[in-house]
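Commentary on secondary and tertiary structure
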Amino acid sequence: YEILRCLVGSEMCIRDRYSIDILPGDSWRINIAAAPSDFYSMGAQWVCSNSAVVSLSGSDTSGVTITAVSTGSATVTVYSRSTGQSASCTVNVN
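Residues numbered from 1 in each chain as written. Predicted model: local features only at pLDDT ≥ 70, side-chain atom pairs only at ≥ 80, totals over all residues. Heavy atoms only, no water.

1. Focus on the sheet that holds strand S8 (residues 72–80)
If you walk across this open sheet you meet the 4 strands as S3-S9-S8-S5, and the pairing is mixed. Only two strands of the sheet have a single neighbouring strand rather than two, namely strand S3 (18–22) and strand S5 (44–48). In this sheet, adjacent strand axes meet at a mean angle of 20 degrees when their direction is disregarded. With 8 bridges connecting them, S8 and strand S9 (residues 86–93) associate as antiparallel partners. The residue bridging Tyr 79 from the neighbouring strand is Ser 86, located in S9. (Pairing = 2+ DSSP bridges. Helix = DSSP H or I, 4+ residues; strand = E, 2+ residues; numbered from the N terminus. Axes fitted to C-alpha atoms, helices over the stretch in contact; angles between N-to-C directions.)

Written out as structure tokens, the structure reads:
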């Protein structure tokens, strides 16, 4: 699966292993691009490596909303449980 990088207001799409910087309290939308239409029905799951830094909400077939909780870094990853594929992004909260 591919996660593309683009910026429109507070919406961001990121390419695999891309890093973004956001401010504490900011919320951004990370979108999936080029995923099959049944991506979530195949068992896709969003996870965050450090929920003290970034919280996840509103995951659906297009992506997930991240909110910066405190300063630090966290990796946000979407996994496909059926295929084992994943894409990740490092989120730096400054």
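2. Some details on the pairing of S8
Of the strand pairs in this sheet, S5 and S8 are connected by 5 bridges, and their pairing is antiparallel. Bridge pairing in S8 links Gln 45 to Tyr 79. Where S8 folds back onto S9 in an antiparallel hairpin, the turn is made up of 5 residues, including Gly 84, whose phi is positive at roughly 80 degrees.

3. So, the confidence of the model for the chain
Detail in the predicted coordinates should be disregarded across regions flagged by low pLDDT. Summary statistics for the chain give a mean pLDDT of 75 and a share of 69% for residues scoring 70 or more. Summarising per-element confidence for the chain, the mean pLDDT is lowest in strand S1 (residues 6–8) (40) and highest in strand S6 (residues 54–57) (94). Confidence drops under a pLDDT of 50 for residues 1–17, and excluding neighbours within four residues, the segment shows 58 contacts in the predicted structure. (pLDDT = per-residue confidence, 0-100. Contact = heavy atoms within 4.5 Å.)

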